[in-house]
Amino acid sequence: MLYNKNKIALVDCNSFYVSCERLFNPSIAKKPVVVLSSNDGCVISRSTEAKILGIKMGEPYFKVKKIVKENNVKTFSTNFALYGDMSRRVMETLKQFSPQMEIYSIDEAFLDLSSIKDEDLLEHSYKIRKTILKWTGIPTSIGIAKTKTLSKAANFIAKKEKSGVIDLINSKQIDKLLSRIEINNVWGVGRQLTKFYIKNGINTAYDLKKMHNGWIKKNTNVLGSRTAMELKGIPCVSLEPHQDKRESCSVSRSFGRKVTKLEELSEALTTHCLNAAEKIRLDKQTVKKITVFIRTSPFQNNRNYYANSKSIELPIRTNDSIILVKKTLNILESIYQKGHQYQKTGIVFSDLKDVDVYNTNLFSKINNEEKRTKLMKAIDYTNIKYGRHALSIAQAGVKKIWNVKKKHSSKIDTACFQFLPTVRTT
DNA sequence: TCTGGGGTCCTAGGACCC
DNA sequence: TCTGGGGTCCTAGGACCC
C-alpha cells in the first residue's frame, strides 16, 4: 500500500558514533574526536571540532594523522556493539512521538507528523530533541517537510542551525534554503549524477528543483526524476513503517596485514561465514545463493590487482553452519590464485527466505536435519551467553593472525556493569 | 607502511520463446 | 541465397545510501 503523508520529519543523530563514545567519556566533550572504520582505515565519524580542523568524511586515517597529532584529536576504533545498542535506545524513545516511523539507518528515522498541527510542528520537534537528549544523551537534528527528500534537505540545514530544527512546511523561504545546498549533498545524488549535473549547470538543490521533468527523465533514470519531483514537493517516496527482513546478508573484512596463503584466507572466510550464518539464523532465515570474493589492494598501483568472485546456488536452502562453511571453502579454492597479496575477503548470502518457506527438493532426504537444527541452536545460545565464538568450528582457526587492527578501541560494552557511567549527587 | 562494511534498487543486455 | 521481431525473465554490475 502506498500512502504518502504530507508532514515528514527526519530525525538524525549528530556525529552519532562520536556522540556514543562521548557518553562514556565526558572529558572529550567539546574536543575534536573521530571514530575510525574497521582496521582503523578511514574516518567515519567526526565531531564538529574535528570537522573544523578540516578532517573529511571517509578520509584515510594515515592522511590525517598529522592533523590528529598536532591538534590532539581523540581517535576511537569502531565499537558497533555500543552504537547498535545506543541506536535501539534512541529509536525506542522516538517511537513515542509517532505511531508511524521508519528506521532508515543506524542513526536516523523518518517520522510521520501528519497528526500535528502546522503551528505546533516546531514546538513538537524541540520536545523530541529534548527528550532524546535527556533519555539517551544523544544530540539530534530535525528537518520537517512534505517529502522525504525535502526533509533530508531540511535536516542538512538544521545541522548547521543552533536550534537544530528546520521546518519547511511553514517556510516561505524554501527556495532560498535549497540554494544553500550543493547538488552533491542532495539525497539520491551521488558521484556520477553530481558530475553530470554540474556539467549541465545544476549546482544546487534549487537548480535541480527548477529543471523541467522532461529533461530530467530523458537524461537520468527513474531515481533521478523521483529526486527532482520530491524537491518540488511532490511525494514519490513513501514512508515505510513496516520493515521487512533483509534480502541479503554479507560479512567481509580487510586484513590487518596482507595475506598470501590459502589456509589463512580459509580461516578468515570461515569466520565470516559463521558470522553470516548466525545472523540469518537469528532472523529465522535460510539462504539459497552464496557468493565468495577475494581481492588484493586496489590502491597499490605497482602490484597486479587481482579480484575475483563466484556464486553458487545451493540445491537445498539452509542456515546450517557446517554445510555453508563446506560450500564456501569449495568456492574459495576455485577462485584462489597463488602469489597475490590479498587484502580482503568476504561472503554474501542472497536469496534469503523465512525458514518455513519450502525447504526441500524432490530428491532430498535429510534424515539428520532435526539434529542439526538443535546443534545450531545450541551454538547460537552458547555464543550469546559466553561471548562471540565461545563455540566455533576448527576451520575458523584460533590464532587469527590475519585479524583486523583495532588500536583505539574504547572497549565500552553497554551490557557490562563495569562501564556504566557514575552519577554523583550532592 | 597505512584507504570500511553492509545494505537496496535499477538497468542493460543476454537467453529464451513463439 | 535470402535469416524477424517482440515479449519475458534473469542476472551481473553499477549507483546510491549510511
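Thresholds applied
Residues numbered from 1 in each chain as written. Chains lettered and ligands numbered in written order. Predicted model: local features only at pLDDT ≥ 70, side-chain atom pairs only at ≥ 80, totals over all residues. Heavy atoms only, no water. Near = heavy atom within 4 Å. Polar contact = N/O pair within 3.5 Å; in protein donor to acceptor, adjacent residues only side chain to side chain. Helix = DSSP H or I, 4+ residues; strand = E, 2+ residues; numbered from the N terminus. Phe/Tyr/Trp six-rings, centres within 6.5 Å; stacked < 30°, edge-to-face > 60°. Buried < 20%, exposed > 50% of the residue type's maximum accessible area, 1.4 Å probe, protein only. Lys NZ or Arg CZ within 6 Å of the ring centre and 35° of its normal. Pairing = 2+ DSSP bridges. Axes fitted to C-alpha atoms, helices over the stretch in contact; angles between N-to-C directions. Parallel < 35°, antiparallel > 145°, perpendicular 65-115°, else oblique. Left-handed = near helix turned anticlockwise from the far one by under 90°. Contact = heavy atoms within 4.5 Å. Nonpolar A, V, L, I, M, F, W, Y, C, P; charged D, E, K, R; others polar.

## Points about the protein's contact with DNA strand C
For step 1, the next point in the chain: Taken together, the neighbourhood of DNA strand C is formed by 14 residues, with Ser105, Lys152, Gly188, Gln192 and Leu193 sitting nearest.
For step 2, the next point in the chain: Within 4 Å of the protein, atoms of DNA strand C come from sugar and phosphate in 100% of cases.
For step 3, the next point in the chain: At 3.4 Å from a sugar or linking oxygen of DNA strand C is found a side-chain nitrogen or oxygen belonging to Trp187.
For step 4, the next point in the chain: Of all the secondary-structure elements, those providing two or more residues to the surface near DNA strand C are β5 (101–105) and α8 (191–199).

## Section: the packing of aromatic side chains
For step 1, the next point in the chain: As enumerated under the stated definition, the model contains 11 aromatic pairs in all.
For step 2, the next point in the chain: Look at Phe110 and Trp187: their rings are 5.8 Å apart centre to centre, the planes differ by 50°, and that puts the pair in the tilted class. Of this pair, Phe110 sits in strand β6 (residues 108–112) while Trp187 sits in the loop between α7 (174–178) and α8, and the two are 77 residues apart along the sequence.
For step 3, the next point in the chain: The buried category is assigned to Phe110, whose relative accessible area is 0%.
For step 4, the next point in the chain: Consider the rings of Phe196 and Trp215, whose centres lie 5.7 Å apart with planes at 20°: the pair is stacked. Residue Phe196 is located in helix α8, and its partner Trp215 is located in helix α10 (residues 213–219); the two are separated by 19 residues in the primary sequence.
For step 5, the next point in the chain: Looking at Phe196, the relative accessible area reads 22%, which means it is partly exposed.
For step 6, the next point in the chain: Members of the aromatic cluster, each reached through a chain of ring pairs, are Phe16, Tyr17, Phe80 and Tyr83.
For step 7, the next point in the chain: The ring of Phe110 is capped by Lys148, whose NZ or CZ atom sits 4.8 Å from the centre of that ring.

## As for the sheet that holds strand β2 (residues 33–36)
For step 1, the next point in the chain: Read across the open sheet, the 3 strands follow the order β3-β2-β4; overall the sheet is mixed. At either margin of the open sheet sits one strand with a lone partner, and together these are β3 (43–46) and β4 (74–77). Recorded for the sheet is a direction-independent mean angle of 25° between the axes of neighbouring strands.

## Considering the packing of helix α4 (residues 80–95) against helix α5 (residues 121–136)
For step 1, the next point in the chain: The geometry of α4 relative to α5 is characterised by a closest axis approach of 10 Å and an angle of 140° between their N-to-C directions. It follows that α4 is oblique to α5 by the angle criterion. Classified by chirality, the crossing of α5 by α4 is right-handed. Residue-level contacts link Met86, Arg89, Val90, Thr93 and Leu94 of α4 to Ile128, Thr131, Ile132, Trp135 and Thr136 of α5.
For step 2, the next point in the chain: Taken together, the residues that form the contact of α4 with α5 break down as 6 nonpolar, 3 polar and 1 charged.

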